[in-house]
Structure formats: C-alpha cells, structure tokens
Amino acid sequence: GAAVPAAQRGSWTSFLKSIASFSGDLSSLTAPPFILSPTSLTEFPAYWCERPEYFAAIADAKPGQDRALAVLRWFISTLKDQYTSRNETMGSEKKPLNPVLGEVFYGSWPDKNGRGLTELLVEQVSHHPPITAYIIENKHKRVRLVGHNAQKTSFSGGAIIVKQIGHAVLTINETEQYVITLPRLRIDGLWYGSPYIELADTSYIIGGGYITSIEYKGKGYFSGKSHSFKSTTVPMPGQGGAGPKEIVVEGTWHESSKFTKGGAGTFHQVNEQREEAKPLTWTDELGESETRRLWNLVAKGIREGDFELASREKSRIENEQRQKRKDEAAEGRTWELKHFDHQESDPIYEQLGRLAKLTPPTEDMYIFKGNWPSGFASL
Ligand code: 0T9
C-alpha cells in the first residue's frame, strides 16, 4: 500500500480484510483516517447538476431525437463529476460520511445566461440500508429530476463491486418522462490505498420515444482506454420520425466522445468547468440534520487531521441516533420523512422499463411533497 501512511498500514490491512469477509452495507465499517472524506453521501446528488447548462439544454432541444440526445449528453456530462471528482480533489476515492436518517441537503446553481435557477433538495430516507432521495428542478426551463439511490456491495478479485439500486425520473414540461438507471461500479486500487472507480455493465435512458443503452468498459476492453462507453439510441417500437434508426456514440465519459453511427463529429467534450452547488443559507427551518451543520466538527477534524475530534463527534452523532430510534420504539412511533412519500412501486419505471426489459420490473418510488424550504424563494 504505497499511498497508506506508515502508521495506518495495520488498520488499512484489517479494514481490507473486513471488507473481504463482509457483504452488504460497507458504509458502517470503520476505516482508517487517511481514507475518510469530510463529505456526506447526502451531498452526492449534486453531481447530477454540476454542469447546469446541459440540464437546461434538455428543455431547449426539439422533442424527439434531439431531445433524447440532449438528455444523453447531460447524463454523460455528469459522470466525470460523479465518479472521478474525489480522485481529483482529494487524491483518491474516499469513504464518504454515512448519512443519518432524516439528514438533508439543500443547494442551488444560479441563473446565468438565461439558463434559469436550478434547485436541489436531498433527504436521507433510510439508514439501514442507506437510501438517499433527491429532487433537482429548473422551474424556469420546466425540467425536473427525481430519484433515489442505494448500493449493494460485494468483494471480488481484490475490488469492491457496487451494484446501484434505485433510478431517477426526468420530467420535462410536466408531460415528457425519461427513466434513468445507474451503472455498476468497480472500486480498484484498494491494495495500494488509492481507490478509484471504473464503471461496468449497462445503464439505460428510456423516454421521449427513444431507448438508449450505455455500455461501460475499462482499460483493456473495446477501446482499451479507462472510462470508455458506447451508447446506442434507437426509437421505441412503432416510433421514430425521419432521423436515423440507430445512433451510436463512442468515447470516454471523462474526456470526449463522438458519433460513430447515425451522426458525425463530436458528441461531447468534457470541460473543466464544474460548478458546485451553493448550499442554502442555514435557518431553523433547515433543522439540525442539515448535513453541513450536523457533520461540521467531524468534517473539521478530518480536514485538519484532528481525528480525535472527528471520532468523538461521530460517536456523539451515532449515539444520538440510537437514542432517537429507541425513543420512537418505546413510544410506538416511526420516523416520518420530511420531503418525500414512499411508495413500493413506480408506475413510470414499470411502464418505460418494460421496453428495455429492466430488472427488477419495479422499484420503490419517493414522491416529493412539494415543500421546498422558504429560503429558495429569495434566490
Ligand atoms: C451515488 C456515487 C455513489 C452514490 C457512491 C460506493 C460508495 C458509496 C456510493 C454510488 C452517486 O450518484 C455516485 C459515487 C461514489 C460511490 C462511493 C464510492 C465508495 O467508495 C463508497 C463506498 C461505500 C465506500 O466508501 C467503500 C470503502 C472505501 C474505503 C473505498 C474508497
């Protein structure tokens, strides 16, 4: 483990052993300090919109093939941020803070060049297993993304394999809907203490009359390059206008991609302009479980190398959570979600998912209650 500080070698080795003998919820395992991130998983949905102009461009595209490609372009534009940004800002993938039940994050991206204000609201809707629900909305452009995600992890060939559970639904003009599924992750480089993500398998975008499948490969597969993908867009059965029957795009999701069928030239060129969400100014309304407020001292400890502070504060938060759950049980109450209603099936996922034979055939759904905090109104 070249990247592991000498004093933490032993604890890194035992952490790896516990991962290898464990499957399920890795987020609850205790890891050595050098691999800890000061950011909670509740902030991760912001990766969907760190290039807000691509999100807005979906609304500007002509319905049909142009729109389907605009959705694909936005989706591809998020992957670099979702899966390589920790390596870029912190040197390697790091273990995020494990959100508490009811933890929330609110943020926004300002209006710029007519693209409109984009708002983000996230809530941790389950702790065991961890499930995060979110909504991202550009009201000016009438584009909205609602989704939830969870992970199933296993260990294979020295790497962590992460199956993503959950999906997102993109709605345009309150009428047009797309179902978006998520790729599988392989976390490698563990032995050396410098983990990084590669994407694998296939994910889908289904809607607007088109079905896109995106196949992911790493080094040594079809292009031989890391972070490769190949997407294929076809009209849904019985649909499709004058355009080509099949559009294929190939390249790397962190750099560039081009049309290889049904089009010509560059499809997408990733630039360095990622815009982090601006957290909503804290007020009582946001509550004590607002992620930055909740983890403030843990994050400070991790950033400043004061791991005693970090672990003391983390234990305090965890104990408070245990006490809350005990109190609820004793009083015969259950935790109520703040912003979402939970439903065990999703009709839009079922209907559109059938067209690509998605498995499972249905998934949970978290419906936004519409209660944006009042702070958004003054943005
Ligand atoms: C949804 C994303 C997800 C969350 C993270 C697997 C992971 C937790 C889930 C899937 C986002 O849209 C995209 C990016 C990164 C994913 C995380 C990477 C990661 O390592 C963690 C897991 C739980 C670990 O922390 C494993 C142990 C760690 C020491 C390896 C760095």
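Conventions we followed
- Residues numbered from 1 in each chain as written.
- Predicted model: local features only at pLDDT ≥ 70, side-chain atom pairs only at ≥ 80, totals over all residues.
- Heavy atoms only, no water.
- Helix = DSSP H or I, 4+ residues; strand = E, 2+ residues; numbered from the N terminus.
- Expected span 1.5 Å × (residues − 1).
- Buried < 20%, exposed > 50% of the residue type's maximum accessible area, 1.4 Å probe, protein only.
- Contact = heavy atoms within 4.5 Å.
- Near = heavy atom within 4 Å.
- Polar contact = N/O pair within 3.5 Å; in protein donor to acceptor, adjacent residues only side chain to side chain.
- Areas by Shrake-Rupley, 256 points an atom, 1.4 Å probe, with all protein chains shown as cover.
- Nonpolar A, V, L, I, M, F, W, Y, C, P; charged D, E, K, R; others polar.
- Axes fitted to C-alpha atoms, helices over the stretch in contact; angles between N-to-C directions.
- Parallel < 35°, antiparallel > 145°, perpendicular 65-115°, else oblique.
- Left-handed = near helix turned anticlockwise from the far one by under 90°.
- Pairing = 2+ DSSP bridges.

A few words on helix α6 (residues 307-330). Compared with the 34 Å implied by 1.5 Å per residue over 24 residues, the 34 Å span of α6 between its first and last C-alpha is a close match. Here α6 has its buried residues at L309, A310, E313, I317, Q321 and E328. Residues of α6 that are buried sit in contact with α4 (291-294) and α5 (296-304). Downstream of α6 by a residue or two, G332 has a phi angle that is positive, lying close to 65°.

Okay, the site of the ligand next. The ligand sits among 20 residues. The nearest are Q82, R86, K95, N149 and I187. Within the side chain of Q82, a nitrogen or oxygen atom sits 2.6 Å from an oxygen atom of the ligand. Computed on the free molecule, the ligand has an accessible area of 630 Å², of which 97% lies beneath the protein chains in the complex. Elements with a minimum of two residues in the shell around the ligand: α3 (65-90), β2 (95-97), β6 (143-156) and β7 (159-165). In terms of residue class, the shell around the ligand is built from 12 nonpolar, four polar and four charged.

Turning next to the environment of I197. Structurally, I197 can be placed in strand β11 (residues 196-207). Note on I197: relative accessible area 4%, which makes it buried. Separated by 147 residues in the primary sequence, I197 and E50 have C-alpha atoms spaced 19 Å apart. If near-sequence neighbours (up to four positions away) are discounted, I197 is found in contact with Y83, R86, E93, L185, R186, I187 and H227.

Packing of α5 against α6 brings their axes to within 7 Å, and their N-to-C directions diverge by 155°. In this view, α5 runs roughly antiparallel relative to α6, as classed from their interaxial angle. Of the two possible hands of crossing, α5 and α6 adopt the one that is left-handed. Two secondary-structure elements touch here, α5 through L297, V298, G301 and I302 and α6 through F307, L309, A310, E313, K314 and I317. Here the residues of the contact of α5 with α6 are counted per class, giving seven nonpolar, one polar and two charged.

Once that is clear, we can look at unusual backbone geometry. Geometrically, the link from H128 to P129 is a cis peptide bond, its omega value of -5° lying close to zero. Inspection of the secondary structure puts P129 in the loop between β4 (118-126) and β5 (131-138). At the junction of T359 and P360, the peptide bond is cis and its omega measures out at -10° in the coordinates. With respect to the helices, strands and loops of the structure, P360 is situated in the loop between α7 (347-354) and β19 (365-368). Positive phi, normally seen in glycine, also occurs at N113, with a value near 50°.

Let's shift gears to the pairing of strand β10 (residues 184-188). Successive residues of a regular strand alternate their side chains across the two faces of the sheet. For β7 and β10, the ladder comprises three bridges, and the chain directions are antiparallel. Looking at β10, one finds that I160 is bridged to I187. Sheet topology places β10 next to β11; five bridges connect them, and they run antiparallel. Within β11, the residue paired with R186 across the bridge is E198.

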